[in-house]
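As a plain string of letters, each chain reads:
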Amino acid sequence: MKLKRNYYWPQKQCFFNKTNASKWMLMLLLIFPLVVITQGCIDQKKGIKSTVDFSGNRIQLIVNFGAGGSTDRFARTLAPYLSKYLPGRPTVVVVNKTGAGGVLGASYVYNFAKPDGLTLCVCNGTTMRWGPTLDFPFDVRRYGIVGSTQFNWALVVNGKFAVNDLHELADVDQKLFMSANSPVAPNPLRTRLIMSQMGDVQFKTIGGFSSATKALASVRQGETTLTALHSDYYLASKEELIESQEAIALVQFGFVDTAAKIRRSRNFNLPTFREVWGSLPESARDTPAYKLSLAYDYAAVASTLFALPPDTPENIQESWAKALMAAFNDVDFLEDRKIQKTDETIFTNRAETVAVIEEIRRRFDDPEVVAALKKFAPALRK
Amino acid sequence: MNDILHAAIVGLSSLFTLEVFLFMLIGIAAGMFLGIMPGMGGLTGMGLLLPFAIGHPPEVAFAFLLGMYAVTTQTDSIPAVLIGVPGTSAAQATYLEGYPMAKRGEASRALSASYFSSVWGTLIFALLFLFIIPVIRPIINMFGAPEFFAFAIFGLSLAGTLVGDNVIRGLTIATLGLFLATIGFTGATGEARYTLGFIYLEDGLPLIPVALGLFAVPELINLMARGSSIAQADGAAVEKGGAWRGFKDTVNNRWLVLRCACLGGLSGVVPGLGGTVTEWLAYGHAKNSAKGESHFGHGDVRGIIAPETAGAAQKPGALLPTVALGIPGNASMAILMGAFLIVGLQPGKEMLNEQLPLTFQMVWTVVVANFVVAVVCLLMQRWLVKICYIPVVILAPIILSLMLVGAAVNTGTFADILVFALAGIVGYLMVRSGWPRVPLIIGLVLGPLVETNFVITSQIYGYSWLWSRPIVIVLLGLAVFTILKSTISGVRGKNNNHLEIGDRKSVNIMALRSLSWWLGAAIALLSLMAIFTAMPWEYETRLFPVGLAGFMFVFSLIHNIVELLTPPESPIKTKETPVVLDPPNSLENTRRAELRYFVWIGFLLMTVYLLGFIMGLPLFTYIFMTVHRITPKISLPAALGIWVFTYLLMFRVLGISGPDALVFRLL
């Protein structure tokens, strides 16, 4: 096939020999940026006016983990309820910005999103990483924090061990391997901390399992001994695990309140890590390892932050805080979560979350905790 | 068995109820688009379309999602074959043979072979599905870290056959690929390696921007410098009967199809085994087992059939553990499992008993969707292949825009685009100096699989896994056999190892000895820097990168010594004639033209950095075309089309906006 010659300008004409069409185009090119810039200015003004109204706007919930995962499912379930309770009933969409264990998405909202209330980070795990890491790329306290929620975790052990609790597992005369994404990830580290106080246990965390599925598969096969599973995932797989007898859950991390008290989930009756710590000799609770474990417990209260970009105006933050509170209390939202067979849905309000974050900083800066981190997770303190 | 057959029939019939079928068609249409779009593919599609599926009954939601998912690897071969843009990892192997075929006017045959390979792949594995259900759990449990590691080694041994005529260069580049895969957090200790302080690099180098830059940029630059259309048989009629020939190719290579369907299906069933690795394995297998005349690297249809069949068979394969055990076969299936939970379904036993018809409906969806797309694409083929005949000055800005959007799908930041641009420069230099690019990608793909599983294996099993696990023994045996076979045939002079397209022309036409030497020196320097940087790290953190850097240093040193010792008069020998016609202009003019188009790409990056995708890409398209004297009758609709694509489709519908424009950040 040959192209017709009229696809091109006649030979002598070029860019600067303008025809009417190109003049129009040039004018459009000049006008278009002006229109967009003006629109941008108007939008920005909208953001800082005293009455918050998101009508006609498109709100982005930035989820810092991948689509289909527990955080993502949670955010997608929440999105329509946020839309319902935000002033002006805007459209709320979920956008996944993944990478670097959730830091990339959190960092995007921190550094690049405009403080106009149109972008909210559903930042899972951010406080858990910010607290212990020496050179975290930003200060979580500067976000426009509007609340937080937390997820529970279960410690799942290979079925062949036929043990009833963590003490029995520790007594097994065999090296124990925990499959995890990284040995310095919060939950493997919390497990290692408690194991370090259970006598002469041979325990090693094997990192490199890129997903919970792979970590669990390794436990089911008997390749590794145990892994920590998000309780939503655990509850979804519970029947299958029980039936196959390939893996059993022994302990849960539990739900923490703002006074750092931990309680069991209503959905599965397993002892919490704190209870296991309580069953250890008194001396075990007078160690840097225990203090570090407590700091992690505290970080878990606000493990999933609802964060607006820094410098977001107060009135916008307030509107978001109210909308979140209302969404979390909506019976339909709770029913939706129930249908999905997920674990409990906990909400910590704005003021309490801000206080918790300050407390997290204080606890992780404790010299004893720092010493424990240097010992158990040197990679975090480099 | 009767129950299973009954469920299979019920599943098939439920697919043809009006609502389900309609949603499947919508899903297919979305999947076709996502497949064609560089950087998208099934995984991104699942994430983007999941919200649209919520709120529908399960049979409708899954028909929609799986209709989309099933066809993305079918249509991703369209840009790979027609415009040389391997936009998804699955399309990279197809591109190697498909694009040269398009260049010689056989696009229709290549595409047809690709569609029908996908149909056969899914169909064969869907039939095997029935027999695998009872043994799914033992199969999955047979694969632990040692098996994954052995599988990766087997993959590397096959990749060894793709290193090209200049083995030392191939080895250097393959090691470089493996080394680059060590960038980011290491699972063994949680330490970051070679991230240079960038959060972006903590997850390692992203595959899609690297592959797009490495393969598509040099091709496009070369194409623009030559100023012709993609199909070099310029003016020749579109091949007649190409679709039929493509179909016949799949039938004539039925045993290859069967083997690759089994390979793909199995790697789909075993979580973590599938993905790009399988497609490269299938490609390597096709090349290694090729009998008769071989044109690998220059457009051999077997190099399309193998990866396409394996890639397609993975899909019903990955579905199986997801529905049967609640163990997602791959990342896309993890999202599908999310959909299960959202609609209140429980993967597992229930799906193989009460919900078995729904399970079968899912499998049928994958098969039927592939068939529908094959038919639709064949009907559209006549028009599609004409893309190859459009002058490059019209096509180039559109391709560049698509590539940039595709590259930025990874994280949506400008860092993706920078990686793409850097990979483009490296790819161009490699082409110009005759270094092969395929081993780099294979190294990048296999690197994490090799290192992670080696570390896990050595920590848990010590060395006992080498002799106590039958699958490991078989896979390592196959790897040794493959290496021996290649070596022996190499010694006998029957080695069919060829460089991939792009490299050959460079070797004969514009290889620059000095450039090649400098590239070798740069790799040697990089190796030394890598070793010194890694010295303070923990043993487990530095083991792989230091080892690889050491090999890289030795290989690059040998390469450079050989280069110095080779008399300058004798060019690097190759066995085949170049497939790319000599450029019409002199070498000097071509180089100048190529440099000019690099400046254009730089201008594009600057425009996007300042104005973002939505404004920057249409503006660039218009300016590029206008400067190249394209009439506004074409440039205006093209710019408008790009705007509609970036703003309405990508941003408004799919929520992908790309990097933030500097102008708007400053406002």
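Here's a quick rundown of the structure. (Residues numbered from 1 in each chain as written. Chains lettered and ligands numbered in written order. Predicted model: local features only at pLDDT ≥ 70, side-chain atom pairs only at ≥ 80, totals over all residues. Heavy atoms only, no water.)

### Considering the overall build of chain B
Here is step 1 of the chain: When its secondary structure is counted, chain B shows 29 helices and two strands.
Here is step 2 of the chain: By the burial criterion, 63% of the 667 residues in chain B qualify as buried.
Here is step 3 of the chain: Surface exposure of chain B reaches about 23300 Å², of which carbon and sulfur atoms provide 71%. (Helix = DSSP H or I, 4+ residues; strand = E, 2+ residues; numbered from the N terminus. Buried < 20%, exposed > 50% of the residue type's maximum accessible area, 1.4 Å probe, protein only. Areas by Shrake-Rupley, 256 points an atom, 1.4 Å probe, with all protein chains shown as cover.)

### Regarding the sheet that holds strand E1 (residues 58-63) of chain A
The pairing of strands in a sheet comes from backbone hydrogen bonds and takes either a parallel or an antiparallel form.
All names here are of chain A.
Here is step 1 of the chain: The sheet built from five strands is open, its strands ordered E2-E1-E3-E12-E4 with mixed pairing. Lying at the two open borders of the sheet, with one neighbouring strand each, are strand E2 (91-96) and strand E4 (144-149). When the angles between neighbouring strand axes are averaged without regard to direction, this sheet yields 20°.
Here is step 2 of the chain: Inspection of the sheet shows E1 paired to E2 by six bridges, in the parallel sense. Directly across from isoleucine 62, in E2, lies its bridge partner valine 95.
Here is step 3 of the chain: This element, helix H2 (residues 70-85), spans E1, E2, strand E3 (119-124), E4 and strand E12 (304-308) of the sheet and lies at about 165° to E2. (Pairing = 2+ DSSP bridges. Axes fitted to C-alpha atoms, helices over the stretch in contact; angles between N-to-C directions. Contact = heavy atoms within 4.5 Å.)

### With respect to a nonpolar patch on the surface
Residue and element names in this part refer to chain B.
Here is step 1 of the chain: Residues Phe52, Leu649 and Val653 make up a contiguous nonpolar surface patch of roughly 240 Å² in combined accessible area.
Here is step 2 of the chain: Position of phenylalanine 52 among the secondary structure elements: in helix H3 (residues 41-53).
Here is step 3 of the chain: For phenylalanine 52, a relative accessible area of 41% puts it in the partly exposed group. (Patch = residues over 30% accessible without salt bridge, like charges linked within 9 Å, V, L, I, M, F, W, Y side chains within 5 Å. Salt bridge = Lys/Arg side-chain N within 4 Å of Asp/Glu carboxyl O.)

### A short note on the interface of chain A and chain B
Here is step 1 of the chain: At the junction of the two partners, chain A supplies 72 residues and chain B supplies 72 residues.
Here is step 2 of the chain: Between chain A and chain B the total buried area reaches about 6100 Å² when both faces are included, carbon and sulfur atoms providing 62% of it.
Here is step 3 of the chain: The tally of links from chain A across to chain B stands at two salt bridges.
Here is step 4 of the chain: Note that B:Glu202 is salt-bridged to A:Arg129, the shortest N-O span being 3.9 Å. (Buried area = accessible area lost by both parts, 1.4 Å probe.)

### Describing the packing of aromatic side chains
Here is step 1 of the chain: Counted under the stated rule, the structure contains 45 aromatic pairs over all chains.
Here is step 2 of the chain: Ring geometry for B:Tyr597 and B:Phe624: centres 6.3 Å apart, planes at 45°, overall tilted. Assigned by exposure class, B:Tyr597 and B:Phe624 land together as buried.
Here is step 3 of the chain: Taken together, a centroid distance of 5.1 Å and an interplanar angle of 20° make the contact between B:Trp643 and B:Tyr647 stacked. Taken together, the residues span about one helical turn, with B:Trp643 and B:Tyr647 both in helix H28 (residues 632-653) at a distance of four residues.
Here is step 4 of the chain: The exposure class of B:Trp643 is partly exposed, given its relative accessible area of 25%.
Here is step 5 of the chain: Judged by its relative accessible area of 24%, B:Tyr647 is partly exposed.
Here is step 6 of the chain: Through successive ring pairs, a cluster of aromatic residues spans A:Phe74, A:Tyr81, A:Phe151, A:Phe306, A:Phe328, A:Phe333 and A:Phe347.
Here is step 7 of the chain: Above the face of the A:Tyr108 ring, A:Lys97 is positioned so that its terminal group lies 4.5 Å from the ring centre. (Phe/Tyr/Trp six-rings, centres within 6.5 Å; stacked < 30°, edge-to-face > 60°. Lys NZ or Arg CZ within 6 Å of the ring centre and 35° of its normal.)

### Regarding the environment of B:Leu475
Residues and elements named next belong to chain B.
Here is step 1 of the chain: By secondary structure assignment, the location of leucine 475 is in helix H23 (residues 470-491).
Here is step 2 of the chain: For the pair leucine 475 and leucine 5, spaced 470 residues apart in sequence, the C-alpha separation works out to 35 Å.
Here is step 3 of the chain: Residues within four places of leucine 475 in sequence aside, it is in contact with Glu147, Ala150, Phe151 and Phe154.

### Quick look at the nonpolar core
Here is step 1 of the chain: Grouped together as the largest cluster of nonpolar side chains are 217 residues, with contacts concentrated most on B:Leu82 and B:Met403.
Here is step 2 of the chain: Leave out the neighbours within four places in its chain, and B:Met403 touches B:Pro38, B:Val85, B:Leu212, B:Ala216, B:Val217, B:Leu220 and B:Phe420.
Here is step 3 of the chain: Judged by nonpolar contacts, the second largest core, of 73 residues, contains A:Phe161, A:Leu193, A:Trp277 and A:Ala299. (Core = buried A, V, L, I, M, F, W, Y, C linked by side-chain atoms within 4.5 Å.)

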